Amino acid sequence: MAYQIITDSTTDLTPELTAQMNVSVLPLTVHIDGKEFEDHPYGDELPAKKFYDMIRAGAMPTTSQVTPERFAEVFRKVLDEGKDVLYLGFSSGLSGTVNAARIAAQDLAEEYPGRKIRTVDTLAASMGEGLLVYLACKKRDEGMDIDELAGWVERERLHLSHWFTVDDLNHLKRGGRVSGAAAFFGTMLNIKPVLHVDDEGHLIPMEKVRGRRASLDALVAHMKKTAIDPENQVIFISHSDCLDDAQYVGDQIKAQLGVKEVHIGYIGPVIGSHTGVGTVALFFVAKNRD
């Protein structure tokens, strides 16, 4: 039986990739300046550029996940079209969204006996989650059935490596990621943290370097250590309104690792609510995540 791959807006997939992949994207919600916006991949309600300008002006957004009721509504529509459902969800180490999907799937199992509703925790975020979904869509197009593909994602997810750097320690301080003292002295000394997503799907600080260019070079260095066959990979890079820095990383991995295909896109408002302006993230398939 045919099946539909569904994911959520934390994949930060570009509109072009979303259309190309034939994937359904559920929007999470952003609350900012007393208003509520759905985080659509096409930026219909809250374009990324506008969102980051609001943060620069002092706005402090919050986010909310998709509810079990909303998941049930979306899953039911696909099931009623005669297709099964494969949901590939935002890391459980960062959100309860995938658990809400599981609740919906359990509730619908009685309503649709004999049908398949598979939910998989990607343990991934931003365009790292997006890259895993992209690769899954390729496997679907090659003929994998729903059970084979769910198993493939569960096996391969810990090979999806995420490396981030942030430019604004004060935003991490406001979000409780670093202490006020660390943000103050780090800013004075031009210290930039380098972070990754670990095997449990949590965002973990890994090292500190001095200077923005050094932090971008650190992303490339980590890819050089662990990437599998980089010259034949599709690489994703996301950024929070710092395109030049993202392009610098893309140019470096092409020059140093022979990478041929790079997709660069905005970090959307949901992930950007937690990272702030000036984040660059590099995603690739690796021997292991760290």
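Scroll up to find the structure.
Criteria and thresholds
- Residues numbered from 1 in each chain as written.
- Predicted model: local features only at pLDDT ≥ 70, side-chain atom pairs only at ≥ 80, totals over all residues.
- Heavy atoms only, no water.
- Patch = residues over 30% accessible without salt bridge, like charges linked within 9 Å, V, L, I, M, F, W, Y side chains within 5 Å.
- Areas by Shrake-Rupley, 256 points an atom, 1.4 Å probe, with all protein chains shown as cover.
- Salt bridge = Lys/Arg side-chain N within 4 Å of Asp/Glu carboxyl O.
- Lys, Arg positive; Asp, Glu negative; His and termini not counted.
- Charge placed at Lys NZ, Arg CZ, Asp CG, Glu CD.
- Helix = DSSP H or I, 4+ residues; strand = E, 2+ residues; numbered from the N terminus.
- Axes fitted to C-alpha atoms, helices over the stretch in contact; angles between N-to-C directions.
- Parallel < 35°, antiparallel > 145°, perpendicular 65-115°, else oblique.
- Left-handed = near helix turned anticlockwise from the far one by under 90°.
- Contact = heavy atoms within 4.5 Å.
- Pairing = 2+ DSSP bridges.
- Phe/Tyr/Trp six-rings, centres within 6.5 Å; stacked < 30°, edge-to-face > 60°.
- Buried < 20%, exposed > 50% of the residue type's maximum accessible area, 1.4 Å probe, protein only.
- Lys NZ or Arg CZ within 6 Å of the ring centre and 35° of its normal.
- Core = buried A, V, L, I, M, F, W, Y, C linked by side-chain atoms within 4.5 Å.

S.K.: Sorry if this is basic, but what is going on with a negative patch on the surface here?
M.R.: A contiguous patch of negative charge on the surface is contributed by Glu36, Glu38, Asp44 and Glu45. Mapped onto the elements of the fold, Asp44 is located in the loop between strand S4 (35–38) and helix H2 (48–56).

S.K.: Can you walk me through the packing of helix H9 (residues 212–226) against helix H10 (residues 243–257) in this structure?
M.R.: Describing two packed helices takes the angle between their axes plus the distance from one axis to the other. Packing of H9 against H10 brings their axes to within 10 Å, and their N-to-C directions diverge by 40°. For the element pair H9 / H10, the angle class is oblique. The hand of the H9/H10 crossing is right-handed. Between H9, through Arg212, Arg213, Leu216, Asp217, Leu219, Val220, Met223 and Lys224, and H10, the contact on the second element is made entirely by Asp245, Tyr248, Val249, Gln252, Ile253, Gln256 and Leu257.

S.K.: What is the right way to read the sheet that holds strand S7 (residues 117–121) from this model?
M.R.: Either a parallel or an antiparallel arrangement is found when strands of a sheet pair, and the pairing is made through backbone hydrogen bonds. Strands sit in the order S2-S1-S6-S7 across an open sheet of 4 strands; the sheet is parallel. Every interior strand has two partners, whereas the edge strands, strand S2 (24–26) and S7, have only one. Between one strand and the next, the sheet's axes are offset by a mean angle of 25°, whatever the strand orientation. Sheet topology note: the strand S6 (residues 84–89)/S7 ladder contains 5 bridges and is parallel. Its bridge partner being in S7, Leu88 is matched across the sheet by Val120. Against the sheet, helix H3 (residues 68–80) makes contact with strand S1 (3–8), S2, S6 and S7, and its axis sits at roughly 145° relative to S6, the strand it touches most.

S.K.: Sorry, what's going on with the packing of aromatic side chains here?
M.R.: One pair of aromatic rings is described through two measures. These are the centre distance and the angle between the planes. Taken as a whole and assessed by the stated rule, the structure comprises 7 aromatic pairs. Where Tyr52 meets Tyr266, the ring centres are 6.3 Å apart and the plane angle is 15°; that geometry is what we call stacked. Taken together, the residues span a long stretch of sequence, with Tyr52 in helix H2 and Tyr266 in strand S12 (residues 261–266) at a distance of 214 residues. Measuring from centroid to centroid gives 5.6 Å for Phe71 and Phe75, while their planes differ by 45°, and the two rings are tilted. On the criterion of helical spacing, the pair formed by Phe71 and Phe75 is a turn pair, its members being 4 residues apart in helix H3. On the accessibility criterion, Phe71 (0% relative accessible area) is buried. For Phe75, a relative accessible area of 0% puts it in the buried group. The rings of Phe51, Tyr52 and Tyr266 are connected pair by pair, giving a single aromatic cluster. Over the ring of Tyr248 we find Arg213; its NZ or CZ atom is 4.0 Å from the centre of that ring.

S.K.: Whenever I open this one, the pairing of S4 confuses me. Can you help?
M.R.: Side chains on a regular strand alternate between the two faces of the sheet. Bridge count between strand S3 (residues 29–32) and S4: 4 bridges; the pairing is antiparallel. Residue pairing in the sheet places Thr29 in a bridge with Glu38 of S4. Hairpin connection from S3 to S4: 2 residues lie between these consecutive antiparallel strands, with Asp33 at a positive phi of about 50°.

S.K.: When you look at the nonpolar core in this model, what are you seeing that I'm missing?
M.R.: Most often, soluble globular proteins keep nonpolar side chains buried together rather than apart. Counting 36 residues, the largest nonpolar core has Ile6, Phe71 and Phe75 as its most contacted members. Not counting chain neighbours up to four residues away, the residues in contact with Phe71 comprise Leu26, Val66, Tyr87, Thr97, Ala100, Ala101 and Ala104. In this structure, Ile5, Leu17, Val23 and Leu86 belong to the second largest nonpolar core, which totals 31 residues.

The quantities given are spatial measurements derived from coordinates; they are silent on function.
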